[in-house]
Amino acid sequence: MNINELFQMQKALDTYIEKEHGLEEADLFQEKTMALLVEVGELANETRCFKFWSKKPASEKNIILEEFVDGIHFILSLGIELGIKDFQLRDISYSENITEQFLSVYQSINDFTSDRSVSEYDHLVHRYFYLGELLGFTHEEVVQAYKKKNEVNYQRQEQGY
C-alpha cells in the first residue's frame with residue numbers, strides 16, 4: 001500500500017479544514033487524539049468483537065471498513081502533526097485476537113500521546129493497520145475506502161458540517 005499518497009491527501013484535507021475554521025496556527029494534537037480514540041471505539045462497536053453477552057452479529061463489512069478508514073484519517077493527521085512525510089508500512093503480526101488487538105491500538109495511542117516520537121507513531125500505525133488485516137481488509141479496499149471518505153469529508157466541509 002502506498003500510504004504516502006494518503007498522507008498527501010490528508011495534508012490537503014487538513015489544510016483545507018484548518019483554513020476554513022481559522023485554525024492554521026492551532027495545536028490540534030489533543031483534539032485529533034481524542035477523535036482517534038472515539039473512532040477506534042466506534043470501530044470496535046461495529047465489530048462487536050467484545051460483546052460476549054450478545055448474539056447480534058457484527059455490522060456489514062462496508063460499515064466496518066468505513067469506520068476503520070475514519071481512524072486512518074486521524075492517524076495520518078497525527079503523523080502530519082509529527083512531521084511525517086515518508087512512511088513505509090511493513091508486514092508485522094501482533095495478536096490474532098481482535099479484542100486484544102483493539103486494546104493494543106488503544107495502548108499505542110496512549111503511548112504516542114505520552115511520547116510524541118516517530119517510534120511510538122510507527123507502533124501505532126502498524127498496530128492499527130494490522131487490526132485492519134484481522135478485520136479482513138485488503139490494502140486495495142482500504143485505499144479505495146479512504147479516497148471515497150476523503151471526498152465525503154470535503155463535501156461535508158462545503159456543507160458546513
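Everything numeric in this text was worked out from a predicted model, so none of it was measured.

A.B. asks: I would appreciate a short explanation of the pattern of salt bridges in the present structure.
C.D. replies: Once their charged atoms are close, side chains differing in charge can pair, the charge on each being opposite to the other. Taken as a whole, this structure holds 8 salt bridges when the rule is applied. Notably, a salt bridge pairs Glu-141 with Lys-61, separated by 3.2 Å at the nearest N-O pair. Taken together, the residues span a long stretch of sequence, with Glu-141 in helix α6 (residues 139–158) and Lys-61 in helix α3 (residues 61–82) at a distance of 80 residues. A cluster of three or more residues bridged by salt bridges with shared partners is formed by Asp-14, Glu-18, Lys-32 and Glu-81.

A.B. asks: How should unusual backbone geometry be read in this particular structure?
C.D. replies: Note on backbone geometry: most residues besides glycine have negative phi, and most peptide bonds are trans. Backbone geometry at Arg-48 places phi at a positive 60°, although glycine is not the residue there. The topology assignment puts Arg-48 in the loop between α2 (29–47) and α3. The exposure class assigned to Arg-48 is buried, which follows from its relative accessible area of 15%.

A.B. asks: Even after reading the chapter, I still don't get α2, so can you show me in this structure?
C.D. replies: Since one α-helical turn is 3.6 residues long, residues separated by three or four positions face the same way. An ideal rise of 1.5 Å per residue puts 27 Å on 19 residues; α2 measures up with 27 Å between its terminal C-alpha atoms. Residues of α2 that are buried: Phe-29, Lys-32, Thr-33, Ala-35, Leu-36, Glu-39, Val-40, Leu-43, Ala-44 and Thr-47. Of the surrounding elements, those touching the buried residues of α2 are α1 (3–20), α3, α4 (98–114) and α5 (118–134). Backbone geometry just after α2 places Arg-48 at a positive phi near 60°.

A.B. asks: Any chance you could explain the packing of α2 against α4 here in plain terms?
C.D. replies: When two helices pack together, their arrangement is given by the angle between their axes and by how far apart the axes lie. Interaxial distance between α2 and α4 falls to 11 Å at its minimum, and their mutual angle equals 175°. Classed by the angle they form, the pair α2 and α4 counts as roughly antiparallel. Listed contacts from α4 to Phe-29, Thr-33, Leu-36, Leu-37, Val-40, Gly-41, Leu-43, Ala-44 and Thr-47 of α2 are Phe-102, Val-105, Tyr-106, Ile-109, Phe-112 and Thr-113. In the contact of α2 with α4, the residues fall into 11 nonpolar, 4 polar and no charged.

A.B. asks: Would you mind showing me how to read the environment of Gly-83 here?
C.D. replies: Relative to the helices and strands, Gly-83 is located in the loop between α3 and α4. Relative accessible area serves as the criterion here: at 45%, Gly-83 is assigned to the partly exposed category. Considered as a pair, Gly-83 and Glu-158 are 75 residues apart in the sequence and their alpha carbons are 27 Å apart.

Calculation criteria
- Residues numbered from 1 in each chain as written.
- Predicted model: local features only at pLDDT ≥ 70, side-chain atom pairs only at ≥ 80, totals over all residues.
- Heavy atoms only, no water.
- Salt bridge = Lys/Arg side-chain N within 4 Å of Asp/Glu carboxyl O.
- Helix = DSSP H or I, 4+ residues; strand = E, 2+ residues; numbered from the N terminus.
- Buried < 20%, exposed > 50% of the residue type's maximum accessible area, 1.4 Å probe, protein only.
- Expected span 1.5 Å × (residues − 1).
- Contact = heavy atoms within 4.5 Å.
- Axes fitted to C-alpha atoms, helices over the stretch in contact; angles between N-to-C directions.
- Parallel < 35°, antiparallel > 145°, perpendicular 65-115°, else oblique.
- Nonpolar A, V, L, I, M, F, W, Y, C, P; charged D, E, K, R; others polar.

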